Amino acid sequence: MSVPILEVKEVYKYFKDVKAVDGISFSVNTGEFIALLGPNGAGKTTTVEMIEGIQKQASGAISISGMNWANHESSLHQIISLSLQETRFIDKLTVKETIQLFASFYRLPQGRVDEVIEIVALHEKYKSYVESLSGGQRQKLALAIALLNKAPLLLLDEPTTGLDPTARREIWNILMNLKKERNTSLILTTHYMEEAEYLCDRIIIMDKGKILAQGSLDELLSANNSKEIIEFSTKDNVSEQFYCDEGVYKLIWDENTFSGKLIVKSIVEQLPVFLQKIKDNDVKLSRLECRKLTLDDLFISMTGKHLGD
């Protein structure tokens, strides 16, 4: 059985009267990749900052390899590494000079600098000045620096936000290659559902400081496998009360686009009822789709928001 590299137990964090983190508990095993998902204000960033030692919890315990920030700060700086959504570098340094600068903080040899340049596929840009790099190349540089000291726990805060699909996939490939080695544990915050599904072994869904659900993608969907989706758009506005029938778990309705998702027990049973109500009330449908529940649907049903909201 894997030994947890990180344990978070009953952690609370307050900002004046706001309960930013509300008694959360989870663990990360050695070599495991997990995603923290939640809308803005869910408590993800505060949670990550407490793990990083930037913030101090009001109560509860955070243990990294059996150590805590209060008593083992120097040791923890050696086994944890991070990459932020946006990292500022010195524009007039080259890629290689920038990595060499950070390597000097760890007293690492030139060989490790060359190694991480290859890992993040910046070998063709190692002589280029930072100011000339694209957004995706800057994120590769930030990732290279995070990987320098081979820290067993890596924290990435929205590493692909704002990147085009090609650049995003390149970052994913780097992380997947890292995952295959099973030497690094990863905590990833992201606004991309596909990113969490592709990269991570487990997903933790947070909202309003609480953990609503956690598990592998299969576990999360299996726990809700009795639920199916009737997705539709209309020419008219409809009310939630109109669709509150037995066998309908929830209606997620967007007043701006006149579109909704009915989360139902059975499409076979509920679709005829739905269509009859549409006909009886002379509601004009512009789109209709029936399908199984996805992680995105589950997230919206739990939080009432899209991931990027």
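All of these numbers come straight from a predicted model, not from anything done at the bench.

1. A few points about the pairing of strand β8 (residues 202–207)
The buried count for β8 comes to 6 of 6 residues, which makes it a mostly enclosed element. Of the two faces of β8, the one holding Arg202, Ile204 and Met206 and the one holding Ile203, Ile205 and Asp207 are both buried throughout. Sheet analysis places strand β3 (residues 33–37) next to β8, joined by 4 bridges and oriented parallel. Directly across from Ala35, in β8, lies its bridge partner Ile203. The pairing of β8 with strand β9 (residues 210–215) spans 5 bridges and is classified as antiparallel. Looking at β9, one finds that Ile205 is bridged to Ala213.

2. Structural notes on the layout of surface pockets
Of the volumes computed, that of the largest pocket is approximately 400 Å³. Taken together, 17 residues make up the lining of the largest pocket; nearest its centre are Ile80, Ser81, Leu82, Tyr106 and Ile145. For the lining of the largest pocket, the secondary-structure elements that each account for two or more residues are α2 (69–79), β5 (80–83), α3 (95–105) and α5 (135–147). In terms of residue count, β5 provides more of the lining of the largest pocket than any other element does, 4 residues in total. A breakdown of the residues in the lining of the largest pocket according to their chemical character gives 12 nonpolar, 4 polar and 1 charged. Considering the residues around the second largest pocket, the lining is formed by 16 residues, among which Arg112, Ile119, Leu178, Glu181 and Thr184 are closest to the centre. Of all elements in the fold, only α4 (110–119), α5 and α6 (165–181) reach the threshold of two or more residues within the lining of the second largest pocket. Per-element accounting of the lining of the second largest pocket gives the leading share, 4 residues, to α6. Among the residues forming the lining of the second largest pocket, the class breakdown is 8 nonpolar, 4 polar and 4 charged.

3. What to know about the side chain of Thr98
By the element assignment, Thr98 lies in helix α3. Non-local contacts of Thr98, meaning those with residues more than four positions away in its chain, are made with Phe89, Leu93, Val130, Leu141 and Ile145.

4. Thoughts on the side chain of Ser233
Inspection of the secondary structure assignment puts Ser233 in strand β10 (residues 228–234). Residue classification places Ser233 among the buried residues on the basis of a relative accessible area of 10%.

Cut-offs and rules
- Residues numbered from 1 in each chain as written.
- Predicted model: local features only at pLDDT ≥ 70, side-chain atom pairs only at ≥ 80, totals over all residues.
- Heavy atoms only, no water.
- Buried < 20%, exposed > 50% of the residue type's maximum accessible area, 1.4 Å probe, protein only.
- Helix = DSSP H or I, 4+ residues; strand = E, 2+ residues; numbered from the N terminus.
- Pairing = 2+ DSSP bridges.
- 1 Å grid on protein atoms, 1.4 Å probe; cavity = no way out; pocket = protein on both sides within 12 Å on 5 of 7 lines; lining within 4 Å.
- Points joined across faces, edges and corners; volume = space filled by probe spheres on them.
- Nonpolar A, V, L, I, M, F, W, Y, C, P; charged D, E, K, R; others polar.
- Contact = heavy atoms within 4.5 Å.

In short, shape yes, function no, at least from these values alone.
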